[in-house]
Amino acid sequence: MEIWPYISGIGIAVGLIHLILFLILLFRRGKGAGEKLAMAYIGFSLLWIAAVALADLEAIFLPVVTESANGLIPVLALFLAVGYLVLVALLLEYPSWPIFATAGYTWTAILLVTTVYFLFVPPPLLPLEQVGIGSWASFTLGTVIALTVGLFRSRMAFHRNRALYWLLTANALSLGQALTLFPLGPLRMVGPLVHILGAVALLRGVLTFWLPNVKAALRSLFRFLFLFTATALLLAGVVMAVERLTAISVMPSTTWALFLAVGVALVYLPLYQALVRLVDRLLAGVGFDPAQTLRDYSQTISTVLDLEQLAQKAVQTVSQVLDVQRGALLIASETERGGLLLRPVPALGEVPTDPIELEPISPILVRLKEQDTPLFQYEVEHHPVLREALPKEREGLRALEMEIYLPIRVEGELAGLLALGPQRTGEPYAPRIVEFLSTLAHQTGVALQNARLFVGLQELNARIMQLNESLRTAYERLERLDRAKSDFLSIASHELRTPLTQIRGYTDVLNDLARSGTLTRDQITRITENISRPVRRLERIINAMLDASQLETGMSFHFAPTALAGIIRMAIEPWLEALQERKLTLLTYGLEDIAPIRADMDRLIQAFSNLISNAIKFTPDGGRITIEARPLDEEHFEVTVTDTGIGISKVDQELIFEKFYRVGSIDLHSSGEYKFKGGGPGLGLSIARGVIEGHGGCIWVESEGYDEERCPGSTFHVVLPYHAHRGPCRWKRPGQEG
Ligand code: ADP
């Protein structure tokens, strides 16, 4: 009865503080669901405190007021418990929070309506107060369980800290409510006081992004309590000792007190310091010397030129003093679009190596570029600005499972990040440690630049080697071609001289016979026939030379509708006699299946004729030549000319299409137009290629290799478009991408 003024005084004071908290939130309204919920929570706390104060004013108010207030306290407390559970579930991103909210608020509404109804129509049918208290207890327990699960589920120190913070806040708020719900007499007035502590913590938790390190705060509290108790016990011991000693001796108590005071004063300070050290060691783990560690570190990394090794050295140094579980170096490089590519180089633990691309406008990138302070994964996930980053960026970073990213800068530019996972102790990185790590990252900058330069040099070196190699092959190729060109002089003179000699021989014979007057008409016919053959050959060689000379400047073509079968027939015709003489079989397949085409008929006859003459020349007597055509796709068809001849070595398969190139020594070639291994000026295939490519087609040869004994044969592939066109071949050879 006498305590009511105190309780209502406390009620008013606490109510006022709640009001201030409410107003603070009101002026910041609209900043998110969390703040709105917190505002509702504080508003209802105000009602609840009013109910408590009213219930305790029974002396001056009507009993009905007291009774109503008393009846409403459990419902209001339940409302607060539900509100807190919803708030926490929302802040810690539990997906099931709408279920809690719906169930909790519905139940509270039912209870509220029933309570109010029975206030006016007593007696109540149910023990409503007990039901209210029971429901309050269930929701409070639910919150504590949810927070404890969150605490254990999270491996990241900052997330754990956050869960711990909300757990402690929940405890303060529930304790405050519990004290008013249970009949504890004067202790009831402590309830609102404890509650206000919780409410202030709640406000701070909602409004500020960085929460205090709860573990560290608890540790300081524990340290203080321990030292406080130890000192109090020591002093109590002194007082008791003075009493005892005075009782059993003749010396007055002041003398004893003086003695003991001097004794205690002498040992107190060293004892206190020893205790402080002991407590610190027990609570904070073994200390380390940052300066020495950094000195050693910069010495070790000064010679490191390999990125992987650098990452390992950096993370190793950190793990020596901090007991971290994961670590990597994220190498930064600008993307073409002005973003940043982070390539992880793992050093400790299984770190995924997929690069993470930050867009040019990514808030994470802006934060990294503009602020030189370390970035925490906690910020990436919870900071209102950084949360706006693209999901792929946040997920990429989350997959690394790191806790802190320390920027490494080279000449002011972000060159990389030293990424570290959570500490094994589960503690967030303390400011002192963060400072140490930042210095370490700073020192890594120069080494990182060296390593990057080195990697760049290595790449450059590899590129030079590659260029060297292609230069060497190009040189060798040129050398072969050069040889071919100088061979051409002797070949050409040889090729031209043979028919010329024949012509000259026959004209001499003709002359002699004419002079002797024995020349018959029959002889004239035979001799002119014999002369016209080498003349034709000469003509062909000279034409080939003319065509070859056009290869560089571009041949002229006249595309017109025609048919493949006709072209091949005309290409074969000049060689029928040779085929017969050399007992070679020539077979054709599928020529009629090819739809009409648009091409330069004369040029294609020339090209195929060259292929056929080669097949005749390089196939021993009795061999077989097959010409086969087949459609490829809507735009192209293929013609293959296959022989059972001596084959072509892999090295020569590309070179034979060059002008004047002939395989082997010229002396080994027999003369004669279609004799086995008969010589030629080395122009046929280069002309064929010029013609085929001039139609927008392509030509290549396949052969197992050169072997005169086994005769593996060769297949010349010609791919042509149905509609000849200028420009490169649009058909891609299987296995030849790009
Ligand atoms: P040539 O006028 O000397 O025949 P080509 O350009 O037609 O010149 O051919 C170049 C070289 O390619 C020939 O000298 C020959 O060594 C080789 N060659 C061409 N076709 C065949 C083939 N069907 N079988 C084997 N070797 C061939």
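The shown structure was predicted, so the numbers you read here are calculated from the model rather than taken from an experiment.

How do you make sense of the site of the ligand when you look at a structure like this?
Surrounding the ligand, one finds 19 residues, the nearest of these being Asn-614, Lys-617, Asp-643, Gly-682 and Leu-685. Lys-617 has a polar side-chain atom sitting 3.0 Å from an oxygen atom of the ligand. Within the backbone of Gly-684, an N or O atom sits 3.4 Å from an oxygen atom of the ligand. In isolation the ligand has 530 Å² of accessible area, and contact with the protein removes 97% of it. Elements supplying a minimum of two residues to the shell around the ligand: helix H19 (601-617), helix H21 (684-694) and strand S13 (714-721). The class makeup of the residues in the shell around the ligand is 10 nonpolar, 6 polar and 3 charged.

What am I meant to see in unusual backbone geometry here?
The phi torsion of most residues other than glycine is negative, and most of the peptide bonds are trans. Of note, the phi angle at Glu-401 is positive, near 55°, even though the residue is not glycine. Topologically, Glu-401 is positioned in the loop between helix H14 (391-400) and strand S5 (404-410). Even without glycine at this site, Lys-583 takes up a positive phi of about 55°. In this fold, Lys-583 is placed in the loop between helix H18 (576-581) and strand S8 (585-589).

Can you walk me through the pattern of salt bridges in this structure?
Proximity of charged atoms lets side chains of opposite charge pair with each other. In total, this model carries 17 salt bridges according to the counting rule given. Among the salt bridges present, the one from Asp-621 reaches Arg-582, with a minimum N-O distance of 2.5 Å. Here Arg-582 lies in the loop between H18 and S8 and Asp-621 lies in the loop between H19 and strand S10 (624-631), a separation of 39 residues in the sequence. Of the charged contacts in the structure, one is a salt bridge between Asp-707 and Arg-710, with a shortest N-O distance of 3.3 Å. Classification of Arg-710 as exposed rests on a relative accessible area of 54%. Residues joined by salt bridges that share partners form a network here, namely Arg-337, Glu-357, Glu-359 and Lys-392.

Hey, could you run me through the packing of H19 against H21 in this one?
A packed helix pair is summarised by two numbers, namely the angle formed by the two axes and the spacing between the axes. Where H19 contacts H21, the two axes come as close as 9 Å, and the packing angle between them is 145°. Seen along the crossing, H19 lies across H21 with a hand that is left-handed. Contact residues: Arg-603, Leu-604, Gln-606, Ala-607, Asn-610, Leu-611 and Asn-614 in H19; Gly-684, Leu-685, Ile-687, Ala-688, Val-691 and Ile-692 in H21. A per-class count over the contact of H19 with H21 returns 8 nonpolar, 4 polar and 1 charged.

What should I look at first to understand a nonpolar patch on the surface in this one?
On the surface, Ile-12, Leu-16, Leu-19, Leu-23, Leu-26 and Phe-27 cluster together into a nonpolar patch covering about 580 Å² of accessible area. Along the polypeptide, Phe-27 turns up in helix H1 (residues 4-27).

What's the story with the domain arrangement of the chain in this structure? I'm lost.
Many authors give the size of an interface as the accessible area that is lost as the parts come together. For the chain, the assigned domains read domain 1 (4-212), domain 2 (217-278), domain 3 (290-449) and domain 4 (555-721). The distance between the C-alpha centroids of domain 1 and domain 2 comes to 44 Å.

For this particular structure, what's the right way to read the nonpolar core?
Nonpolar side chains in soluble globular proteins generally cluster together in the buried interior. The biggest cluster of nonpolar side chains holds 96 residues, and the ones touching the most others in it are Tyr-84, Trp-166, Leu-202, Leu-329, Tyr-429 and Leu-437. No other element matches helix H3 (residues 63-91), which puts 16 residues into this core. There are two domains that each give this core at least three residues, and those are domain 1 (4-212) and domain 3 (290-449). Non-local contacts of Leu-437, meaning those with residues more than four positions away in its chain, are made with Val-318, Leu-322, Ile-404, Leu-406, Leu-420 and Tyr-429. Core analysis: the next-biggest nonpolar cluster, separate from the first, contains 51 residues, Ala-544, Phe-557, Ala-607 and Ala-615 among them.

I tried to follow the sheet that holds S13 on my own but got confused; where do I start?
What links the strands of a sheet is backbone hydrogen bonding, and the strands pair in either a parallel or an antiparallel sense. One open sheet accounts for 5 strands, arranged S8-S10-S11-S13-S12; its pairing is mixed. Edge positions in the sheet fall to S8 and strand S12 (698-703), since each has one partner strand and no second. Averaged over all neighbouring strand pairs, the angle between strand axes comes to 15°, with direction disregarded. Summarising the sheet, S8 and S10 pair through 5 bridges and their orientation is parallel. If you follow Leu-587 over to S10, its bridge partner there is Thr-626.

Which parts of the structure should I look at to understand the sheet that holds S5?
Spatially, the 6 strands line up as an open sheet ordered S3-S2-S1-S6-S5-S4, and their pairing is antiparallel. Unpaired on one side and paired on the other, strand S3 (356-358) and strand S4 (375-376) mark the two borders of the sheet. The sheet contact formed by strand S1 (residues 327-334) and strand S6 (residues 413-420) spans 5 bridges and is antiparallel. Bridged to Ile-331 within S6 is Gly-416. Sheet strands in contact with helix H11 (residues 307-322) are S1, strand S2 (340-348) and S6, and its direction is about 60° off that of S2.

Can you walk me through the side chain of Ser-609 in this structure?
You can see Ser-609 is positioned in helix H19. Engagement of the side chain of Ser-609 in a polar contact is seen with the side chain of Trp-575, the distance being 3.0 Å. With sequence-adjacent residues up to four places away left out, Ser-609 is seen in contact with Ala-571 and Trp-575.

Is there a simple way to think about the packing of aromatic side chains in this case?
Two measures describe an aromatic ring pair: the distance that separates the ring centres and the angle between the ring planes. Under the criterion given, the structure shown has 15 aromatic pairs. Look at Phe-637 and Tyr-722: their rings are 5.1 Å apart centre to centre, the planes differ by 45°, and that puts the pair in the tilted class. With a gap of 85 residues between them, Phe-637 in strand S11 (residues 636-643) and Tyr-722 in the segment after S13 connect regions that are remote in the sequence. Given the relative accessible area of 13%, Tyr-722 is considered buried. Residues Trp-700 and Trp-731 carry aromatic rings whose centres are separated by 6.3 Å and whose planes lie at 15° to one another, so their mutual orientation is stacked.

In this structure, what is going on with the environment of Ala-89? I would like to understand it.
For Ala-89, the location among the structural elements is in helix H3. Residues Ala-89 and Ala-146 lie 57 residues apart in sequence; the distance between their C-alpha atoms is 7.9 Å. In this view, Ala-89 contacts Tyr-94, Trp-97 and Phe-100; residues no more than four positions away in its chain are not counted.

Whenever I open this one, the packing of helix H6 (residues 157-181) against helix H8 (residues 214-248) confuses me. Can you help?
Packing of H6 against H8 brings their axes to within 9 Å, and their N-to-C directions diverge by 55°. Classified by the angle between their axes, H6 and H8 sit oblique to one another. From H6, Asn-161, Leu-164, Tyr-165 and Leu-168 reach across to H8, where they touch Val-214, Lys-215 and Leu-218. Along the lines of polarity and charge, the residues of the contact of H6 with H8 split into 5 nonpolar, 1 polar and 1 charged.

How each quantity is defined
Residues numbered from 1 in each chain as written. Predicted model: local features only at pLDDT ≥ 70, side-chain atom pairs only at ≥ 80, totals over all residues. Heavy atoms only, no water. Near = heavy atom within 4 Å. Polar contact = N/O pair within 3.5 Å; in protein donor to acceptor, adjacent residues only side chain to side chain. Areas by Shrake-Rupley, 256 points an atom, 1.4 Å probe, with all protein chains shown as cover. Helix = DSSP H or I, 4+ residues; strand = E, 2+ residues; numbered from the N terminus. Nonpolar A, V, L, I, M, F, W, Y, C, P; charged D, E, K, R; others polar. Salt bridge = Lys/Arg side-chain N within 4 Å of Asp/Glu carboxyl O. Buried < 20%, exposed > 50% of the residue type's maximum accessible area, 1.4 Å probe, protein only. Axes fitted to C-alpha atoms, helices over the stretch in contact; angles between N-to-C directions. Left-handed = near helix turned anticlockwise from the far one by under 90°. Contact = heavy atoms within 4.5 Å. Patch = residues over 30% accessible without salt bridge, like charges linked within 9 Å, V, L, I, M, F, W, Y side chains within 5 Å. Domains from an automatic or database assignment. Core = buried A, V, L, I, M, F, W, Y, C linked by side-chain atoms within 4.5 Å. Pairing = 2+ DSSP bridges. Phe/Tyr/Trp six-rings, centres within 6.5 Å; stacked < 30°, edge-to-face > 60°. Parallel < 35°, antiparallel > 145°, perpendicular 65-115°, else oblique.

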